[in-house]
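# Observations on the three-dimensional arrangement
For reference, the chains in residue letters:
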Amino acid sequence: MIDLRSDTFTKPTPAMLEAMLQAEVGDDVFGEDPTVNALEEKTAHLFGMEAALFCPSGTMTNQIAIKCHTQPGDEVICEKTSHVYIYEGGGIAFNSGCQVQAIAGDRGRITADQVLYAINALDIHKPPTTLVSLENTANRGGGSCYDWAELLKIRELCTNQGLNFHLDGARLWNAMIAKKQTPLQYGQLFDSISVCLSKGLGTPVGSVLLGKSDFIKKARRMRKIFGGGMRQAGYLAAAGIYSIDHHVGRLQFDHDHAQQLADTLNKNKYIAAVLPVETNIVIGEIVSDFSAVQFTDFLRTRNILGMPIALQQVRFVTHLGINADMMSETLHAIEQMK
Ligand SMILES: *Cc1c(COP(=O)(O)O)cnc(C)c1O
């Protein structure tokens, strides 16, 4: 099967498994797993942030960050299709007792002007706005990336208004490769950043939350409360270290594949439009008399998997597990649809 449903389907390579086998481990709840400590130090250093926390999932890093940045009854500003809002089980309400001011953005991205307009004035009728959470790349935006100038404007606004600024960077690696930006730039901009190691990079499990030392100290306690304290997690952290060293650098290859896929989809008669491709996600709009499920069902007969994400929207994601031959086969199958 050529699995283009998601970049979460990547598996460890033999070399990554070897690195995992060689890992030195200890009890991380006691702070004694040297490999987890090494991963946390490595990522903190990479982003120029004071500290980091290894967690089992990106949902957990995001939810811990939101919990640490807010008080119950606060309001969180985010885009209305953002993962923290629509794909984390209502966690903002459940875990943090906050409500959301959801903004309709442009392919998952919001502007400083929109944020400014969404901030609640000090007024006893209104929940205090305390956090702005962005997503880069934006998943439902089809892997779209923020422009640096806009991020700077939102940062300035957050500083002036005393708001915390969080980044859901599940695919930040992709954004940095596509926009030629560095982790250090991002570390200077945000109060907290969540990055995933299991999206397109082959790591089986794991995300890292970055921030100031006192923030991460609080986050470490929250991770325990959320049930995310792991013991010999160094085996997983070793995979994470390996993926940063060996698999981030190849992401442009996935982005090129995604562009090829978009070009071919654009010529297909069942595709009405393809969202602009910036990274590794391709979202196609299906013509009105056909459905996303019919489209993916056809491809399944050719051993190719895509994902219907709405009645008339299909998504393909390129990743470590897709090589050039698999891509050619996929393009060929799409060209053959009659
Ligand atoms: C996948 C993803 C996450 C985290 O997901 P987990 O499955 O919990 O690791 C967070 N944000 C975005 C945008 C994602 O795509």
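What you see as residue numbers is a count from 1 along each chain, following the sequence as written. The predicted origin of the model limits local features to residues at a pLDDT of at least 70 and limits the giving and counting of side-chain atom pairs to 80 or more, whereas totals for whole chains, interfaces and linings rest on all residues. Side-chain measures here rest on the full set of heavy atoms in the structure, leaving out hydrogens and waters.

### Structural notes on the domain arrangement of the protein
Start and end positions for the domains come from either an automated domain assignment or a database one. Assigned domains within the protein: domain 1 (7-246) and domain 2 (250-335). Distance from the C-alpha centre of domain 1 to the C-alpha centre of domain 2: 28 Å. Contact residues are listed per partner, giving 24 residues for domain 1 and 19 residues for domain 2. Broken down residue by residue, the surface that domain 1 buries against domain 2 is led by Arg107, Arg140 and Asn174, which jointly contribute 28%. The term salt bridge refers to a side-chain nitrogen of Lys or Arg lying within 4 Å of a carboxyl oxygen of Asp or Glu. In this assembly, domain 1 and domain 2 are joined by 2 salt bridges. Only heavy atoms matter for contacts: two residues are in contact if any of them lie within 4.5 Å across the pair. We define buried area as the total accessible area lost by two parts upon association, computed with a 1.4 Å probe and summed across both.

### Brief notes about the site of the ligand
To be near a molecule or strand, a residue needs just one of its heavy atoms within 4 Å of it. Around the ligand, the neighbouring residues are Ser57, Gly58, Thr59, Asn62, His83, Glu135, Asn139, Asp168, Ala170, Arg171 and Lys199. Asn139 places a polar side-chain atom, nitrogen or oxygen, 3.2 Å from an oxygen atom of the ligand. Polar contacts, as counted here, are pairs of nitrogen or oxygen atoms within 3.5 Å of one another; within protein the pair requires one atom able to donate a hydrogen and one able to accept it, and residues that are adjacent in sequence qualify only if both atoms are side-chain atoms. Between the ligand and Asp168 there is a distance of 2.6 Å, counted from a nitrogen atom to a side-chain nitrogen or oxygen. Using a 1.4 Å probe, accessible areas were evaluated by the Shrake-Rupley method; residue-level cover was limited to the displayed protein chains. Relative to its unbound accessible surface of 380 Å², the ligand loses 84% to contact with the protein. Note on conventions: DSSP H or I runs of at least 4 residues are helices, E runs of at least 2 residues are strands, and numbering of each starts at the N terminus. The element that contributes the greatest number of residues to the shell around the ligand is helix 3 (residues 58-69), accounting for 3 residues.

### Some details on the packing of aromatic side chains
Any two rings among Phe, Tyr and Trp, with Trp reduced to its six-membered ring, count as a pair given centres within 6.5 Å; such a pair is stacked if its planes are under 30 degrees apart, edge-to-face if over 60, and tilted if neither. Inspection of every chain in the model, using the stated rule, returns 5 aromatic pairs. Here Tyr270 and Phe290 contribute two aromatic rings whose centre-to-centre distance is 4.0 Å and whose plane-to-plane angle is 25°, an arrangement assigned as stacked. Of the two residues, Tyr270 is situated in the loop between helix 12 (251-266) and strand 9 (271-274) and Phe290 in the loop between strand 10 (281-286) and helix 13 (292-301); the sequence distance between them amounts to 20 residues. The rule is simple: take the accessible area with a 1.4 Å probe, protein chains only, and divide by the maximum for that residue type; under 20% is buried, over 50% is exposed, in between is partly exposed. Taking the relative accessible area as the measure of exposure, Phe290 reaches 15% and is therefore buried. Three or more aromatic residues joined by ring pairs form one cluster here, namely Trp148, Phe165, Tyr186 and Phe190.

### Regarding the environment of Ala52
Mapped onto the secondary structure, Ala52 falls in strand 2 (residues 51-55). Overall, Ala52 belongs to the buried group, its relative accessible area being 6%. With 12 residues separating them along the chain, Ala52 and Glu40 place their C-alpha atoms 4.9 Å apart. Sequence-distant contacts of Ala52, defined by excluding residues within four places in its chain, comprise Glu40, Thr43, Ala44, Val208, Leu209, Leu210, Ile216 and Arg220.

### Thoughts on the pairing of strand 12 (residues 307-310)
Looking at chain direction, strand 12 and strand 13 (residues 313-317) are connected through 3 bridges and run antiparallel. Pairing of Pro308 across the sheet is with Val314, part of strand 13. Paired strands, as defined in this entry, are two strands with at least two bridges between them according to DSSP.

### Digging into the nonpolar core
Residue types Ala, Val, Leu, Ile, Met, Phe, Trp, Tyr and Cys, when buried and joined through side-chain atoms within 4.5 Å, form a set referred to as a nonpolar core. Residues Phe47, Leu134, Trp173 and Ile193 are the most contacted members of the largest nonpolar core, which totals 45 residues. In contact with Phe47, other than residues within four places in its own chain, are Leu172, Trp173, Met176, Pro183, Leu184, Tyr186, Gly187, Ile193, Val195 and Leu210. Counting 26 residues, the second-largest nonpolar core is a separate cluster that includes Tyr270, Val287, Ile322 and Leu331.

### What about the pattern of salt bridges?
In total, this model carries 13 salt bridges according to the counting rule given. The partner of Asp27 in a salt bridge is Arg231, with the nearest N and O atoms 3.1 Å apart. Taken as a pair, Asp27 in the loop between helix 1 (14-21) and helix 2 (34-47) and Arg231 in the loop between helix 10 (213-225) and helix 11 (234-246) lie far apart in primary sequence, 204 residues in all. With a relative accessible area of 39%, Arg231 lands in the partly exposed category. Two residues, Lys42 and Asp245, come together in a salt bridge whose shortest N-O distance is 2.7 Å. Of this pair, Lys42 sits in helix 2 while Asp245 sits in helix 11, placing them 203 residues apart in sequence. A relative accessible area of 27% means that Lys42 is categorised as partly exposed.

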